[in-house]
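Spelled out, the chains give:
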Amino acid sequence: MIKPKYKLCVIDDVTNVVQGIAYHIPWADYHIEVIGIAMDGQAGLSLILDNEADIVLTDIRMPHMDGLEMTERIKQQLPSCKVILLSGYTDFDYAQKAIRLGAFDFVTKPFRPKTIVEAILKARDALDAEYEERQRISGLEKTVKESMPILRQEYFHFLLRHSASKADVEERWRLLQIGMEAAGIVVMIVEIDGLAERSEQISAQNAELLHFALQNIVAETLSIHAVPGVLCRDSTSRLVGLVNAGESTNLQAVAEEVRENVLTYAKQKVSIGISLRAPLLQDLPAAYQQAIAALSYNFYTGGNSVFAYSSIPQIGKQVTMPLEQEKELFYYLRSGNMPLAEEVLLGMFREWSHGGQMPPPSEMMEFYDELSSRIARLFMEEYAAEDNGAIAEQLRALIRRGGHRSDEYQQSIIELCRIGCEYLKRQRMADSEKQIVLALQYMKQHMDRTISLADLAQQVNLSSSYFANLFKKVTGQTVHQYMTLQKIERAKELLLQGMQVQETAKALAYEDPAYFSEVFKKNVGTTPTEFRQHFQFANTTGEEK
């Protein structure tokens, strides 16, 4: 630390004393500068005050103004100045009075230069100590000033989350020099929509700039409407304002303007929750929870909204699904009918959106979670055991995903139903294919018989109409078309093995050989005899016409 050079004035009506002290002692070596001398009290006082001397060495007895009056006048205007009095033994009473008036020290006459130096260095050391103390206090004040925003932030966090005695919170309010009324505060929470979910896509620097812009816009909007307030960060995406809104101030309208300004200037959507008025500082935790509760209603709007606690329903309608609606939904889900299941769900969602009083978001989320779990359990009961593991994990992932908004929950539930129905359809199609395979095996094993549609349906325990539709869906052909083609292929094999046309017809349950030939020609393009002759000729010549 570089210490200052101190200014010394020497005053005495004896010329050689003044000059000897002022000019024959190397004061510069002691970091002291003699700024002037005077031969009387009046001139000395002017010299001292004009130059703001740090140390004064003066005789008690002088013309025009004695040392006592000078000391008193100096201490009134230069309290830190160190006055050292020169006095004789007979002036001891005067010296004591001077000390009471604020003199620093006194030196008795006669004196030696060494005594004078020691007294002035003692004054210099006292000035050094005072300078260091001032520097220390200045440093502390600077530290406190620099730390004040952090101290206030910590205090606001404490105020909003913890109850404390009236005396404690009000004392800290005063110490932190918060320039607003402590009574009648409204808590206003401003949250950037979706920023928490986008945090990985935004750099720390951009997030800070965004928060800085948000704070400036909120502060400026409040200032325009003459609404006193202090702002503190609650999280990366959330700002909390403690505002003194008068009875005549429409704070919800001010908040709407904040929302619009943030959208215009920061290109960000925000949601805002406003509490009731907190009569006292210790009521702020309750007000903070009210603002959070109001803010939570952006669950229904998806954000970019303002909600006041005074206007949200304190008793919402019960969150239930009508029994008939529930039965209908679960019937469609069990049957894998996604279009009709989705129609029921969308109807229910519309009813919640336009049904007047909105349930508390926490209750609505519980309802959505419970509905998702019940739908998942329904599908699990319907699935084949070997599919349960993979399907269950997909359903659990959907349920965990949930959402932060009502529409996200709704989309998740619809997707859950869609995946479940698709699995059911695939599973049932696989089961249907197994039934058709059994029917085809039976058909192949009994080509020597006349098999009807009813016979095949009976083999797999299905009704004839359902079996016919299922058969067409799996094979792409009717039962008659498929059976005819299979018999024709078998006929080709028998003919090439040397079997006669009549025998082939009989082996394939065609009682009329002519009808068999007609059917064969229709599907192959040649009669059975022509077909066999063609291949026999090709085998003889090594070519195929």
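See the structure shown above.
Participant: I'm lost on the overall build of the chain in this one. Help?
Facilitator: Tallying secondary structure elements over the chain gives 21 helices and 10 strands in all. Computed over the C-alpha atoms, the radius of gyration of the chain is 51 Å, more than 25% above the 24 Å expected from 2.2 N^0.38 for a compact globule of 545 residues. In terms of its C-alpha atoms, the chain occupies a principal-axis envelope of roughly 165 × 65 × 40 Å. Counting every position in the chain, which comprises 545 residues, the buried fraction comes to 42%. Taking the contacts inside the chain whose residues are at least 6 apart along the sequence as the reference set, 66% of them involve residues at least 24 apart. For the chain, the accessible area works out to roughly 29700 Å², and carbon and sulfur atoms hold 50% of it. Charge centroids of the chain, computed over 57 positive and 72 negative side chains, lie 4 Å from each other.

Participant: When you look at the packing of helix H2 (residues 41-51) against helix H3 (residues 67-77) in this model, what are you seeing that I'm missing?
Facilitator: Two numbers describe a pair of packed helices, the interaxial angle and the distance between the axes. Here H2 crosses H3 at 15°, and the two axes come no closer than 11 Å. It follows that H2 is roughly parallel to H3 by the angle criterion. Considering only the axes of H2 and H3, their crossing is right-handed. For the pair H2 and H3, contact is made by Gly41, Gly44, Leu45, Ile48 and Leu49 and by Met70, Arg73, Ile74 and Gln77, respectively.

Participant: Please explain the sheet that holds strand E10 (residues 306-308) as it appears in this structure.
Facilitator: Hydrogen bonds between backbone groups are what pair the strands of a sheet, and the pairing can be parallel or antiparallel. Here we have 5 strands laid out as an open sheet, ordered E7-E8-E6-E9-E10, and mixed in their pairing. Bordering the open sheet on either side are strand E7 (229-235) and E10, each of which pairs with just one other strand. Each neighbouring strand pair of the sheet contributes to a mean axis angle of 20°, computed without reference to strand direction. Taken together, the 7 bridges between strand E6 (residues 185-192) and strand E9 (residues 270-278) define a ladder with antiparallel strand orientation. Its bridge partner lying in E9, Met188 is registered against Ile274. Of the strands in this sheet, E6, strand E8 (238-243), E9 and E10 touch helix H8 (residues 251-266), which is tilted by about 155° from E9.

Participant: Would you mind going over the sheet that holds strand E1 (residues 6-11) with me for this structure?
Facilitator: One open sheet holds the 5 strands; their spatial order is E2-E1-E3-E4-E5, and the pairing between them is parallel. A strand with exactly one partner marks an edge of an open sheet, and here the two such strands are strand E2 (32-38) and strand E5 (105-108). Here the strands of the sheet are splayed against their neighbours by 20° on average, with no regard to which way each runs. Bridge count between E1 and E2: 6 bridges; the pairing is parallel.

Participant: I would appreciate a short explanation of unusual backbone geometry in the present structure.
Facilitator: Excluding glycine, residues mostly carry a negative phi; peptide bonds, for their part, are mostly trans. A cis amide bond, omega -5°, links Lys109 with the succeeding residue Pro110. Mapped onto the elements, Pro110 comes out in the loop between E5 and helix H5 (113-161). We note that His64 has phi near 70°; this positive angle belongs to a residue other than glycine. Inspection of the secondary structure puts His64 in the loop between strand E3 (55-59) and H3. When its relative accessible area of 67% is taken as the criterion, His64 is described as exposed. At Ala509, a position not held by glycine, the phi torsion is positive, near 70°. Relative to the helices and strands, Ala509 is located in the loop between helix H19 (501-507) and helix H20 (513-524).

Participant: Looking at this structure, I do not really get the environment of Ser165. What am I missing?
Facilitator: In this structure, Ser165 sits in the loop between H5 and helix H6 (166-175). Residues Ser165 and Gln282 lie 117 residues apart in sequence; the distance between their C-alpha atoms is 7.1 Å.

Participant: Looking at this model, I keep getting lost on the nonpolar core. Mind explaining?
Facilitator: Generally speaking, nonpolar side chains in soluble globular proteins are found buried as a group. Counting residues in each nonpolar core, the largest one holds 34 residues, and the members touching the most others are Leu329, Leu333, Leu345, Phe367, Leu371 and Ile375. Of all the elements in the fold, those that place two or more residues in this core are helix H10 (298-301), helix H11 (323-334), helix H12 (338-353), helix H13 (361-382) and helix H15 (406-445). Ignoring sequence-local partners within four residues, the contact set of Leu371 consists of Met321, Leu329, Leu345, Met348 and Ile413. One finds Val218, Ala245, Leu251 and Val270 within the second-largest nonpolar core, a separate group that totals 26 residues.

Participant: I would appreciate a short explanation of the pattern of salt bridges in the present structure.
Facilitator: Pairing is possible between side chains that carry opposite charge, provided their charged atoms lie close to one another. Here the structure, examined in full by the defined rule, presents 22 salt bridges. The partner of Lys109 in a salt bridge is Asp59, and the shortest N-O contact between them spans 2.9 Å. With a gap of 50 residues between them, Lys109 in the loop between E5 and H5 and Asp59 in strand E3 connect regions that are remote in the sequence. By relative accessible area, which is 26% here, Lys109 ends up partly exposed.

Participant: For this particular structure, what's the right way to read the side chain of Ser275?
Facilitator: With respect to the helices and strands, the residue Ser275 is situated in strand E9. There is a polar contact of 2.9 Å between the side chain of Ser275 and the backbone nitrogen of Val187. Once residues within four sequence positions are removed from consideration, Ser275 is found in contact with Val186, Val187, Ala287, Gln290, Ala291 and Tyr309.

Participant: Explain H3 here, please?
Facilitator: Every buried residue of H3 is accounted for by Gly67, Leu68, Met70, Thr71, Ile74 and Lys75. Taken down its axis, H3 places every buried residue within 160° of arc, on the same side. In H3, the exposed positions angled more than 90 degrees off the buried face are occupied by Gln76 and Gln77. A distance of 3.2 Å separates the backbone nitrogen of Leu68 from a side-chain oxygen at the start of H3, and that oxygen is part of Asp66.

Criteria and thresholds
- Residues numbered from 1 in each chain as written.
- Predicted model: local features only at pLDDT ≥ 70, side-chain atom pairs only at ≥ 80, totals over all residues.
- Heavy atoms only, no water.
- Helix = DSSP H or I, 4+ residues; strand = E, 2+ residues; numbered from the N terminus.
- Rg over C-alpha atoms; globule rule 2.2 N^0.38 Å.
- Buried < 20%, exposed > 50% of the residue type's maximum accessible area, 1.4 Å probe, protein only.
- Contact = heavy atoms within 4.5 Å.
- Areas by Shrake-Rupley, 256 points an atom, 1.4 Å probe, with all protein chains shown as cover.
- Lys, Arg positive; Asp, Glu negative; His and termini not counted.
- Charge placed at Lys NZ, Arg CZ, Asp CG, Glu CD.
- Axes fitted to C-alpha atoms, helices over the stretch in contact; angles between N-to-C directions.
- Parallel < 35°, antiparallel > 145°, perpendicular 65-115°, else oblique.
- Left-handed = near helix turned anticlockwise from the far one by under 90°.
- Pairing = 2+ DSSP bridges.
- Core = buried A, V, L, I, M, F, W, Y, C linked by side-chain atoms within 4.5 Å.
- Salt bridge = Lys/Arg side-chain N within 4 Å of Asp/Glu carboxyl O.
- Polar contact = N/O pair within 3.5 Å; in protein donor to acceptor, adjacent residues only side chain to side chain.
- Arc of directions from axis to C-beta.

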